[in-house]
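Next come the chains, spelled out residue by residue.
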Amino acid sequence: MKNWYIVQSHSSFENKVAGLIKEEADKAKISDKFEEIIVPTHDVTEVKRGKRVQRKKKYFPGYILMKSEMDNDLYHLIKNLKKSLKYANKIKVDFAIIVGEDEIKSRMFSVKNLKTGSQKKVKDTKVDYSSGFTTWINSLVVRFKNVILLTSLLGFVFALVGINKLSVENKFIDYFKPTTEIYQGLSLIDKKLGGTAPLDIIISAPESDLEINEEFEEDFDDFGIETEEYGYWFNSQNLSYLEEIHDYLEGRPEIGKVLSVSSAIKLAEIAKGETLDDLELALLRKVLPEDINNQLLSSYISEDDNQVRLSARVIESMDGLNRKNLIEEVKNDLIQNYDLSEEQFYLSGISVIYNNLLQSLFQSLIGSLTIVFSAIFIMFIILFRSFYMALIAMIPNLLSAASVLGIIGWSGIPLDIMTVTVAAISIGIGVDNTIHYVHRFLKEYELQKNYDLAIKNSHATIGRAMFYTSLTIVLGFMILVSSNFNPSVFFGIFTSFSMIVAILAALMLLPVLIRHLKPFGRNINGST
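Just so it is clear, the model here is predicted, and its values are computed rather than measured.

Within the secondary structure, Gly409 sits in helix H15 (residues 387–411). For Gly409, a relative accessible area of 6% gives the class buried. Sequence separation between Gly409 and Leu160 is 249 residues, and the spatial gap between their C-alpha atoms is 9.4 Å. Among residues more than four places away in sequence, those in contact with Gly409 are Gly162, Lys165 and Leu166.

Here we come to the packing of aromatic side chains. Following the criterion strictly, the structure yields 15 aromatic pairs and no others. Measuring from ring centre to ring centre gives 6.4 Å for Phe490 and Phe494, while their planes differ by 35 degrees; the resulting arrangement is tilted. Within this pair, Phe490 and its partner Phe494 are both found in helix H19 (residues 486–517), separated by 4 residues, close to a single helical turn. Taking relative accessible area as the criterion, Phe494 reaches 6% and is therefore assigned buried.

Structurally, the position occupied by Arg515 is in helix H19. Of the polar contacts made by the side chain of Arg515, one reaches the side chain of Asp452; its length is 2.3 Å. Ignoring anything within four residues of it in the chain, the contact list for Arg515 reads Asn138, Val141, Val142, Asp452 and Ile455.

Take the sheet that holds strand E7 (residues 197–204) next. Ordered by their spatial adjacency, 4 strands build an open sheet running E8-E9-E7-E10, and the pairing between neighbours is antiparallel. Each having just a single partner strand, strand E8 (255–259) and strand E10 (345–348) make up the two edges of the open sheet. Each adjacent strand pair in this sheet contributes to an overall mean axis angle of 20 degrees, direction not counted. Sheet strands touched by helix H14 (residues 350–384): E7, strand E9 (307–314) and E10. Its angle to E7, the strand with the most contacts, is close to 105 degrees.

The subject of this paragraph is helix H10 (residues 261–272). Helix length check: H10 (12 residues) gives 17 Å between terminal C-alpha atoms against 16 Å at 1.5 Å per residue, within 8%. Among the residues of H10, Val261, Ser262, Ser263, Ala264, Ile265, Ala268 and Glu269 are the ones counted as buried. At the C-terminal side of H10, Gly273 shows a positive phi close to 95 degrees.

Moving on, we get to the side chain of Thr495. Here Thr495 shows up in helix H19. Under the relative-accessibility criterion, Thr495 is labelled buried at 0%. Here the side chain of Thr495 touches Phe491 through a polar contact of 2.6 Å, landing on its backbone oxygen. Residues contacting Thr495, with those up to four places away along its chain left out, are Val422, Ile425 and Phe477.

Next up on the list: unusual backbone geometry. Positive phi outside glycine occurs at Lys29, with the angle close to 60 degrees. One non-glycine residue, Asp339, adopts positive backbone phi at about 55 degrees. With respect to the helices, strands and loops of the structure, Asp339 is situated in the loop between helix H13 (323–336) and E10. We classify Asp339 as exposed; its relative accessible area is 66%.

Tallied over the full model, the rule gives 10 salt bridges. Between Lys266 and Glu243 there is a salt bridge; the shortest N-O distance is 4.0 Å. Of this pair, Lys266 sits in helix H10 while Glu243 sits in helix H9 (residues 236–251), and the two are 23 residues apart along the sequence. What makes Lys266 partly exposed here is its relative accessible area of 21%. With its nearest N and O atoms 2.8 Å apart, the salt bridge here joins Lys266 to Asp247. With a gap of 19 residues between them, Lys266 in helix H10 and Asp247 in helix H9 connect regions that are remote in the sequence.

Before going further, it helps to examine the packing of helix H16 (residues 422–448) against helix H17 (residues 451–460). Their axes nearest at 8 Å, the elements H16 and H17 cross at an angle of 135 degrees. The orientation of H16 relative to H17 falls into the category oblique. Two packed elements cross with a definite hand, and for H16 against H17 that hand is right-handed. Together, Tyr437, Arg440, Phe441, Glu444, Tyr445 and Gln448 of H16 and Tyr451, Leu453, Ala454, Ile455, Asn457, Ser458 and His459 of H17 make up the contact between the two elements.

Thresholds, definitions, all that
- Chains are numbered independently. Their residues run from 1 in the order of the written sequence.
- The model is predicted, so local features are restricted to residues of pLDDT at least 70 and side-chain atom pairs to those at 80 or more, both for listing and for counting; the totals for chains, interfaces and linings are taken over all residues.
- Working from all heavy atoms in the structure, the side-chain values ignore hydrogens and water.
- Each helix corresponds to a stretch of at least 4 residues labelled H or I by DSSP, and each strand to a stretch of at least 2 residues labelled E; elements are numbered beginning at the N terminus.
- Remark: exposure states derive from per-residue accessible area (1.4 Å probe, protein chains only) relative to the maximum for the residue type, with buried under 20%, exposed over 50%, and partly exposed in between.
- Residue contacts follow a heavy-atom distance rule, with two residues in contact if any of their heavy atoms lie within 4.5 Å.
- What counts as a ring pair is set by centres within 6.5 Å for rings of Phe, Tyr and Trp (its six-membered ring), and what kind of pair is set by the plane angle: stacked under 30 degrees, edge-to-face over 60, tilted for all other angles.
- Nitrogen and oxygen atoms within 3.5 Å of one another constitute a polar contact, given that in protein one can donate a hydrogen and the other can accept it, and given that sequence-neighbouring residues count only through two side-chain atoms.
- Strands qualify as paired when DSSP identifies two bridges or more between them.
- Axis angles are defined between N-to-C directions and span 0 to 180 degrees, where every axis is a line fitted to C-alpha atoms and, for a helix, only to the segment in contact.
- Take the number of residues in a helix, subtract one, and multiply by 1.5 Å to get its expected span.
- Here, a salt bridge means any side-chain nitrogen of Lys or Arg that lies within 4 Å of a carboxyl oxygen of Asp or Glu.
- Note on angle classes: values under 35 degrees are labelled roughly parallel, values over 145 roughly antiparallel, values of 65 to 115 roughly perpendicular, and the remainder oblique.
- Handedness of a crossing is defined here by the sense of rotation of the near helix relative to the far one, left-handed for an anticlockwise turn of less than a right angle and right-handed for a clockwise turn.

And the structure:
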């Protein structure tokens, strides 16, 4: 597609530059990319030596209009044109702005009239970008810069409060909508079979009792009596103590079914009708078939009887389940109410592993974001070659990442493996927008030496590309809202939100900061 471009040169060298562009294009064999190269003029009448004389007068001294397709070859041809000029030190050749066809016809002049030399009065020689959405945003930046700064500050505070509300507690069953078969199946298992997620408590015999038992065993060996010694747990007294822990776990509302060596002993006691003594316990172990012994006893007590396992199942479908609190409360109760030392027992199973995974998400998130932002800041300094500009460019990216984490915190939705990645994606898109915008701004400022005009032109050019790219990404991620997998739904919603914040920060907050802080000093060419 061919568009209108303005090429700037020093006054009185316009025709020379226009001709040279055609010559260089012919040499490079890209003349087919040009439709027109004109120096706008109109006829004026002057009186010289008592006679009226008609002559051509340039509408815009120092400018050439060019309608062409723009690509890298043509761009570099014109940028390097100065090297081909005889009076290079007196001539400036550069791009100024891109002009639309409708704007040429309606705002500045008619191309047809320029060719015929019509003396149509030009009211405004500046290009008007007010028809574009991004230039409307630029007008908001000009008029409401203080409001934008205040809103951004309040948004940042709001985000920080929300980040303090972040939680990582989650239930696997909540990953699915209640109407799905997976959710209904897991709920049925919780109700009928006593829970889904295993939680194992492994308890060892106290070190002091192990030493006493060894001495006790040696004394009996001296008598030469043939006995079969059992370890710490397999006796009526300690099994009764273990049964108390078993009943405690079953009594917790978060826990459904609990299995341990006490379960088998309870069955035997129910059959007998009274508590088994030590001799009956030893006999029970002898008379049980091997397969039943493995299922009821060996699975829950070690061979030397000095370590037992209580296997509980957590009810995942329970409302208000907090897995972290459950694990911490069980540990505290075993220590305080059942006189177990921390070294004597530990918790294991899928529930503990999943809880540790979730708890590590938040810690790794903070550490990763710190490293990422440090690397981005260093990259900005290298790209923009300005510490001050790099510092300004970091602010919109910080706001974008903080906003999405803050809104997750305020919504009460816990972090999981998918939602924790939203912050990283928002940083990536935000950094991309920032680099595009600042790079274009630096190019425009190099030409104009004016913050207002450089920002306006940046909004009118790269700003539109950024806006439509972000809009496309938002619409693409919103498709995930239709998923039955809740993390995908949240991922789509929060990623879309982060894209919106990122583009608004790049097109509104970043220009306001540049205008207000002026990283390259005051305007050289005045204000617009």
